[in-house]
Amino acid sequence: MVASLVSLMSIVAFAGPASASGESIGACVAERFEEAEMLHDGHYHDWLEDVRNTVDDELEGCLDAPSPILPELTEIIWGGAAFLILLVIMVKKGFPAVKGAMDARSEKIRADLDAAEQAKTDAQTVQSDYEAQLADAKTESARIIEEARVTADQLRTDLSAQAEASIAEMREKAAADVEAQKAQAIADLRAEVSGIALGAAERVVQSSLDADAQARLIDAYIDEVTGSNG
Amino acid sequence: MADSPIVGYAEALFSVAEAEGNLSAVEDELFGFAQTFQANEELRSTLADASVPVARRLQLIEDLLDGKASATTASLISMVVSAGRANDLPSIVDAFVDRSAGSRNKAVATVRSAIDLTGEQRQRLTEAIKTSTGKEVEVKVVIDPSVLGGAITEIGDDIIDGSVRRRLNQLRESFR
């Protein structure tokens, strides 16, 4: 690319003006105007019509000058030689260097792309691992939380059941104690009353059992033994 | 069933009394002494006390039975006390009485009463027991005021309780 630009500049430099006589188009037009003014001094309008016609004719003469595109033969020779020299230099020296630099650059970019791809793959792998670990951790944490919740529920249920059982047992025991104390008090009172009554009855019996009564009791006992049969 | 030493002593007493020829009297006297012995705490503890010299205990027996029992009875009681068997005396006498009655093909009926029974009552009771149990018995009366009234008869393991005490106890039970 650089070589092509240098070749074009060389061609323009060696081309020069495009007239066959060696003067420019502007100078040619100015010269024709001066000649026309000297010929028609004092008759301006006629002159101007003449000038227009003359200029048209003269300009056609100017345009018929040698082609500005096709340079002269010497310029073509020098330009072609310079182009060839530069082309050879470029082909021999510049192009390999540029190609090597380009190849190195491409290789480096490819290596960088590969490294970036590898890094991206590694990063994706690490991300996948992290995501998997995160998922595992979430699952594990959910499991632990659920387990703890179940354990807490069970513990609460057990404690509640124990407390209720304990309360029921205490109530039953208290009721039984009250009942037992009541029964004991009644029994004590009854024993006390019966003891007093029987003590009184025993004293009455003892005082009333004289010899005749004792003899009658013995006789009655003997009759009882006789009546009992075994 | 009494243990063998008690039966052995009872056999010895029976043999001596039988040899002396006054079995019936000795039987009544031993029975009476045994009742006194059981009822009297002081007498029981004194005769069973090993720290009291044997001679003194024997002297006490002699004093108690002097003129109230035969020499054979006194000697037999002294023998039991001397052998250190004073606490077993009631059991030995019971076994002796059973053995004596058994020698006459009779059982012993121990009758506990608040008062003593007349001869006529004893006879009727003996007949009544024979009618009731079919056993020939000899009635031994023990005076026990705690019976209050009526009587309690024991023949071996059989008990016929017609006492006022039993009725009072039944009344006590019915109050509970």
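Coordinates for the structure precede this section.
Model, not experiment: these values are computed from the prediction. (Residues numbered from 1 in each chain as written. Chains lettered and ligands numbered in written order. Predicted model: local features only at pLDDT ≥ 70, side-chain atom pairs only at ≥ 80, totals over all residues. Heavy atoms only, no water.)

Asker: When you look at the environment of Ile-218 of chain A in this model, what are you seeing that I'm missing?
Answerer: Along the polypeptide, Ile-218 of chain A turns up in helix H5 (residues 211–227). When sequence neighbours within four positions are dropped, the list of residues in contact with Ile-218 of chain A reads Ser-113, Leu-117, Gln-121, Gly-150 and Ala-151 of chain B. (Helix = DSSP H or I, 4+ residues; strand = E, 2+ residues; numbered from the N terminus. Contact = heavy atoms within 4.5 Å.)

Asker: It is not clear to me how the side chain of Thr-110 of chain B should be interpreted in this structure. Could you clarify?
Answerer: Looking at where Thr-110 of chain B falls in the secondary structure, it is placed in strand S1 (residues 107–113). Every residue in contact with Thr-110 of chain B, bar those within four places of it in the chain, is listed here: Phe-31, Lys-140, Val-142, Ile-152, Thr-153 and Glu-154 of chain B.

Asker: Would you explain the interface of chain A and chain B in this entry?
Answerer: As a measure of interface size, the accessible area lost when the parts come together is often cited. Counting residues at the interface gives 24 residues for chain A and 29 residues for chain B. When the buried area of chain A at its contact with chain B is split by residue, Leu-198, Ile-218 and Tyr-221 of chain A rank highest and sum to 29% of it. Taken together, the links from chain A to chain B amount to three salt bridges. Across the contact surface, chain A and chain B share seven residue pairs in polar contact (both at pLDDT 80 or more). (Buried area = accessible area lost by both parts, 1.4 Å probe. Salt bridge = Lys/Arg side-chain N within 4 Å of Asp/Glu carboxyl O. Polar contact = N/O pair within 3.5 Å; in protein donor to acceptor, adjacent residues only side chain to side chain.)

Asker: Where do I start with the pairing of strand S4 (residues 158–161) of chain B in this structure?
Answerer: The side chains of a regular strand alternate between both faces of the sheet. Residues and elements named next belong to chain B. The sheet contact formed by strand S3 (residues 151–155) and S4 spans four bridges and is antiparallel. Bridge pairing in S4 links Thr-153 to Ile-160. Connecting S3 to the next strand, S4, in antiparallel fashion are two residues, including Gly-156 with a positive phi near 65 degrees. (Pairing = 2+ DSSP bridges.)

Asker: In this structure, what is going on with the packing of helix H2 (residues 23–39) of chain B against helix H6 (residues 89–103) of chain B? I would like to understand it.
Answerer: How two helices pack is summed up by the angle between their axes together with the distance between the axes. Residue and element names in this part refer to chain B. One can describe the packing of H2 onto H6 by two numbers: an axis separation of 9 Å at closest approach and a directional angle of 155 degrees. Taken together, the axes of H2 and H6 are roughly antiparallel relative to one another. Our pair here, H2 against H6, has a crossing hand that is left-handed. Across the interface between the two elements, Leu-23, Val-26, Glu-27, Leu-30, Phe-31, Phe-33, Ala-34, Phe-37 and Gln-38 of H2 pack against Leu-89, Pro-90, Val-93, Phe-96, Val-97, Ser-100 and Ser-103 of H6. For the contact of H2 with H6, the per-class residue count stands at twelve nonpolar, three polar and one charged. (Axes fitted to C-alpha atoms, helices over the stretch in contact; angles between N-to-C directions. Parallel < 35°, antiparallel > 145°, perpendicular 65-115°, else oblique. Left-handed = near helix turned anticlockwise from the far one by under 90°. Nonpolar A, V, L, I, M, F, W, Y, C, P; charged D, E, K, R; others polar.)

Asker: Honestly, the nonpolar core in this entry has me stumped. Any pointers?
Answerer: In globular proteins that are soluble, nonpolar side chains generally tend to be buried together. Residues Leu-13, Leu-30, Phe-33, Leu-47, Ile-77, Leu-89 and Phe-96 of chain B are the most contacted members of the largest nonpolar core, which totals 31 residues. Residue assignment for this core shows that the elements contributing at least two residues are helix H1 (4–20), H2, helix H3 (41–48), helix H4 (54–65), helix H5 (71–82) and H6 of chain B. For Leu-30 of chain B, the contacting residues outside a window of four places in its chain are Leu-13, Thr-73, Leu-76, Ile-77, Val-93 and Phe-96 of chain B. Among the nonpolar cores identified, the runner-up in size contains 16 residues, and Ile-222 of chain A together with Ala-109, Val-111 and Ala-151 of chain B belong to it. (Core = buried A, V, L, I, M, F, W, Y, C linked by side-chain atoms within 4.5 Å. Buried < 20%, exposed > 50% of the residue type's maximum accessible area, 1.4 Å probe, protein only.)

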